[in-house]
Amino acid sequence: MTDVPVVELHDVTKVYRMPAGDVYALNHVNFSVKKGEFVAIMGPSGSGKSTLMNIIGCLDVPTSGVVKINGVATTDMSDDELTIHRRDTVGFIFQKFNLISLLTAYENVEYPLLLRYGRQDHSERVKKLLNMVGIPEDRMQHTPFELSGGQQQRVSIARALANDPTFLLCDEPTGNLDSKMSLQIMEILSGLHKEGRTVLMVTHNPETAEYADRTIIIKDGEIVS
Amino acid sequence: MIGIIIGVFTICALGMVGAGLQENINDTIADNANSLMISSIEEKHIDGNVVRGLSEKDINDIESAVKSVSSNYTIAVANSGYKNVKAGRDNAYAMVLGISDGGLEKVIKDMLEVGTVPKGPGSVVILSEYAERHNLHINSRLSTTNALGEPTTLRVVGIMESSTMTKMMAMSQDICLLFGTLDLHRNLLGTKDNLYGMCMVIVDDPYLLKPMANAIERKMNGKAYKDSDDKVTITNSFDTIDSLNDVLDMISIFRIALSSISLIVAAVAIVNVMLMSVKERTREIGILRSIRTFKRQILQMFIYEAGIIGFIGALIGVILACIAGPIVLYMMTKSLSLMLAPSVFCYIPIGILIGVAVCVLAGLYPALHAANLNPVDAMATD
Ligand SMILES: Nc1ncnc2c1ncn2[C@@H]1O[C@H](COP(=O)(O)OP(=O)(O)OP(=O)(O)O)[C@@H](O)[C@H]1O
Ligand SMILES: [Mg+2]
């Protein structure tokens, strides 16, 4: 394990300028995650958790401050560089699953591989991933519409893992699931963590936060503990 | 989609019809626009009578003028006059056209549908339209009177299709044209003081006609007395066709304008459709961006989509045009062989290319819009 943190935020501020006044979604946030850590992020609604995740995942850029991923500042990257970076280091898991509804479960997982290698995957990697998250073979050709919420979230975890990312960003992964499903998803995430993956997870549920090594709490765009 | 279909349809159909007409006119030029007709408008006083016509000397002058331009020509003299003829029970007013030997062959041969070139004072070639109307065939007889007023019969030895020249001669559809030798004319209408009504210069290359006409003009009319009128008038069949070409040029400008308008309408429609499609898929675009899709890949996706819409639309447009174009062309020219002319045919790939190009260009803005969406905002929409 190297000493360089996987994620490093220095004085990051994100301001949404609205007609009704500026909204400080993030206010001078300093924060870092070491390799292999499982960090839970909690806080009230509207406190800036999703904004934080988007900025770490390079989907969004901060208004000021520096974001370093594996020691590299993302601030000066071009959009294409950010996309490559996103492709190689970040796996997103969303509350709303965000699967592509036109594609089957299998294709949804295959898609990042297609994007990366420009050809079909013959190494059975997609199947292995789907097996690992507990999607049975006969479900793989179903579209997200035909899958339960828990199954969709499993597919989206498999998709996030397809490119073997440096870290996983989970924005309320269990937010749309009942407690039994949540438990299963958390077992998967916890298992991934035990395999050595870095996981950042936003959650409202203190129970799910217990899986994490440490929990940070964010309020009004500031980290309070 | 409808927009692009109509746009491409307009381009192709109008293009085909235009090119077809052009081709038709070119054919006509090659077939018919190969002659000058010179007739005298000078009054000559012979034996105390005032007559009009070209004398031997005039013909010689014309020939020497023509020769100064090119030696590749046929010169012929012709006399014409009107006569009543009877085909079976039908009466018709006929224009009798007697042409000297070399010329007769030249004028008739290519246009002949059946039969032979007439020889002697009793045989004629008639136009196919007239033959059809009066149910005449080869060896049918026409009865009329000769120059002395005695009844005589004429034998149909050939039937020819009508051309620009024959149309110019006959002026009206009701007049039947009888082509024959000078002897025929003499037989039916009598001699006219050794003057000829008309001189024809026939060439293979229609572009020689203009300089020849100028040379004749200079030779015959340039020398005329100041206070007298011109000696001859020259009808250049190429001129008629030239002016037709001018009209065609105007039509083609109109045609371009019309297709451009429909293409602009099509482009606007495509922009609209594509923007809707981007809007519908905003969320998907956000997801794609979040899972490592490049901006330019999003761009490509939408441009492909526009291109495919364009291609399918253009294909349908072209197919429709391929149905409508020939029908219109057939109605205008009564010939389908024009469809196979390369200049007509080439509107098919041109139409498809333009259709796809317009769609891709029109799709560019929505595609850029899609590619530049903020992924976070895009995913937030439902
Ligand atoms: N696109 C945007 N435009 C304007 N303001 C925004 C935008 N996105 C977020 N905000 C504001 O930034 C603040 C933080 O939002 P964020 O989505 O990060 O909250 P959150 O902690 O994820 O909340 P929740 O728990 O409800 O998901 C909120 O006050 C929100 O109104
Ligand atoms: Mg949120």
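These numbers come from a predicted model, not from an experiment. (Residues numbered from 1 in each chain as written. Chains lettered and ligands numbered in written order. Predicted model: local features only at pLDDT ≥ 70, side-chain atom pairs only at ≥ 80, totals over all residues. Heavy atoms only, no water.)

J.: How should the overall build of chain A be read in this particular structure?
T.: When you go through chain A residue by residue, the secondary structure sums to 7 helices and 10 strands. Within chain A, the fraction of its 225 residues that count as buried is 52%. Taking contacts inside chain A between residues at least 6 apart in sequence as the whole, the part at least 24 apart equals 72%. As displayed, chain A offers around 10,200 Å² of accessible surface, 51% of which is attributable to carbon and sulfur atoms. (Helix = DSSP H or I, 4+ residues; strand = E, 2+ residues; numbered from the N terminus. Buried < 20%, exposed > 50% of the residue type's maximum accessible area, 1.4 Å probe, protein only. Contact = heavy atoms within 4.5 Å. Areas by Shrake-Rupley, 256 points an atom, 1.4 Å probe, with all protein chains shown as cover.)

J.: Can you walk me through the environment of Ala212(A) in this structure?
T.: Residues and elements named next belong to chain A. When you line up the elements, Ala212 lands in the loop between α7 (206–209) and β9 (214–219). Separated by 13 residues in the primary sequence, Ala212 and Val199 have C-alpha atoms spaced 8.6 Å apart. Discounting chain neighbours no more than four positions away, the residues touching Ala212 are Phe38, Val39 and Ala40.

J.: Would you mind going over the packing of helix α3 (residues 105–117) of chain A against helix α4 (residues 125–132) of chain A with me for this structure?
T.: Describing two packed helices takes the angle between their axes plus the distance from one axis to the other. All names here are of chain A. Here α3 crosses α4 at 125°, and the two axes come no closer than 9 Å. Judged on the interaxial angle alone, α4 and α3 are oblique. α4 is crossed by α3, and the crossing has right-handed handedness. Across the interface between the two elements, Ala105, Tyr106, Val109, Glu110 and Leu113 from α3 touch Arg125, Val126, Lys127, Leu129 and Leu130 from α4. Each residue belonging to the contact of α3 with α4 can be placed in one class, and the counts come to 7 nonpolar, no polar and 3 charged. (Axes fitted to C-alpha atoms, helices over the stretch in contact; angles between N-to-C directions. Parallel < 35°, antiparallel > 145°, perpendicular 65-115°, else oblique. Left-handed = near helix turned anticlockwise from the far one by under 90°. Nonpolar A, V, L, I, M, F, W, Y, C, P; charged D, E, K, R; others polar.)

J.: Mind showing me how you'd approach the packing of aromatic side chains here?
T.: For any pair of aromatic rings, geometry is given as the distance between the ring centres together with the angle between the planes. In total, this model carries 2 aromatic pairs over all chains according to the counting rule given. On the numbers, 5.2 Å between centres and 5° between planes, the contact of Phe92(A) with Phe94(A) is stacked. A single burial state applies to Phe92(A) and to Phe94(A), both of which are buried. Cation over ring: Arg296(B) sits above Phe294(B), and NZ or CZ is 4.7 Å from the ring centre. (Phe/Tyr/Trp six-rings, centres within 6.5 Å; stacked < 30°, edge-to-face > 60°. Lys NZ or Arg CZ within 6 Å of the ring centre and 35° of its normal.)

J.: Can you help me understand the sheet that holds strand β3 (residues 38–42) of chain A in this one?
T.: Each strand in a sheet pairs with its neighbour through backbone hydrogen bonds, running either in the same direction (parallel) or in the opposite one (antiparallel). Residues and elements named next belong to chain A. Within the open sheet, the 6 strands sit side by side as β6-β7-β8-β3-β9-β10. Their pairing is mixed. Both edges of this open sheet fall to β6 (90–93) and β10 (222–223), since each of them pairs with a single strand only. The sheet strands contacting helix α6 (residues 179–194) are β3, β6, β7 (167–171) and β8 (198–202), and the helix crosses β3 at an angle near 135°. (Pairing = 2+ DSSP bridges.)

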